[in-house]
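Analysis of the macromolecular model
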Amino acid sequence: MNRPTAMTDKPDPWRVPLAVVQIPDTGLHRDLEADQAVRQAIAEVGGLREVLAVSASLDVTPMSGGRFHVEGRVRARIGQTCVVTLDPIETDIDEPIDWIFAPPEQIPEMADLVDEAAASEVEIPDPPEPIENGVIDLGRIATDALYLAVDPYPRKPDAVFEPPDVPEDPEDHPFAALKALQLDAKPPGPKKPGKA
């Protein structure tokens, strides 16, 4: 699961860094709850009207080769605007998280394995995310999963789009005025040579 590209040029609104050297061999569990300032930043970066609540429950488990598996869920209640009625609406999100993190030097090799799987009919795994400076940012993981779960075109359950009436009379058509601007005269042709 890769980061939404529209969000990558903005700062991460929720930072919960976890140094990989602090993760025991048995793994660890973290429950995260975003405060009001973080929720406001998530809404601003994600283009949402508001974020009323967001929490994540994550398990981080060591794997072979210095890789780590992050699994859990992000839950949120967000405020959006209905694309049909323009009324404010609230949406609940409950999104699973299942990411692998690897040391940066392993990323090209593992990306090649993903490309090879794409050439076959095998289910294609997501490429791993890099461990940056020995840290996995749990807040960023939760935020990215939240953004990926947001419906870009939210609508109220009972909202129905009704297209505008199209006039049947050609004279009432919006482009009828353009037709009236056409010149009635034919453009002049080439001049005939005159008699001397």
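Keep in mind the model is a prediction, meaning the values are calculated, not measured.

Here's the deal with the pattern of salt bridges
Scanning all chains against the criterion turns up 10 salt bridges. Of the charged contacts in the structure, one is a salt bridge between Asp92 and Arg77, with a shortest N-O distance of 2.6 Å. Of this pair, Asp92 sits in strand S5 (residues 88–102) while Arg77 sits in strand S4 (residues 68–81), placing them 15 residues apart in sequence.

Considerations on unusual backbone geometry
What is expected of a backbone is that most residues other than glycine have negative phi and most peptide bonds are trans. Positive phi, close to 65°, is recorded for Leu86, a residue that is not glycine. Counting through the fold element by element, Leu86 comes out in the loop between S4 and S5. Taking the relative accessible area as the measure of exposure, Leu86 reaches 64% and is therefore exposed. Positioned with a positive phi, Asn133 is a non-glycine residue whose angle comes to about 55°. The topology assignment puts Asn133 in the loop between strand S6 (129–130) and strand S7 (135–137).

Digging into the packing of aromatic side chains
If you walk through the whole model with that rule in mind, you get one aromatic pair. Their ring planes at 40° and their centres at 6.1 Å tell us that Trp99 and Phe101 sit as a pair that is tilted. Across the pair, Phe101 and Trp99 agree in class, each one buried.

Considering the side chain of Thr143
Structurally, Thr143 can be placed in helix H3 (residues 138–149). There is a polar contact of 2.8 Å between the side chain of Thr143 and the backbone oxygen of Gly139. The contacts of Thr143, once residues within four sequence positions are left out, are Pro13, Trp14 and Ile42.

Considerations on the pairing of strand S3 (residues 50–62)
Sheet analysis places strand S2 (residues 28–33) next to S3, joined by six bridges and oriented antiparallel. Within the sheet, the bridge partner assigned to Asp31 lies in S3 and is Ser57. Hairpin geometry of S3 and S4 is characterised by an intervening segment of five residues between the two adjacent antiparallel strands and by a positive phi of about 70° at Gly65.

Thoughts on the confidence of the model for the chain
Predicted coordinates in areas of low pLDDT are best not read in detail. Of all residues in the chain, 68% attain a pLDDT of 70 or more, and the chain-wide mean is 82. Contacts of residues 1–8 to residues separated by more than four positions or lying in other chains number 19 contacts, the stretch itself having pLDDT below 50.

Parameters and conventions
- Residues numbered from 1 in each chain as written.
- Predicted model: local features only at pLDDT ≥ 70, side-chain atom pairs only at ≥ 80, totals over all residues.
- Heavy atoms only, no water.
- Salt bridge = Lys/Arg side-chain N within 4 Å of Asp/Glu carboxyl O.
- Helix = DSSP H or I, 4+ residues; strand = E, 2+ residues; numbered from the N terminus.
- Buried < 20%, exposed > 50% of the residue type's maximum accessible area, 1.4 Å probe, protein only.
- Phe/Tyr/Trp six-rings, centres within 6.5 Å; stacked < 30°, edge-to-face > 60°.
- Polar contact = N/O pair within 3.5 Å; in protein donor to acceptor, adjacent residues only side chain to side chain.
- Contact = heavy atoms within 4.5 Å.
- Pairing = 2+ DSSP bridges.
- pLDDT = per-residue confidence, 0-100.

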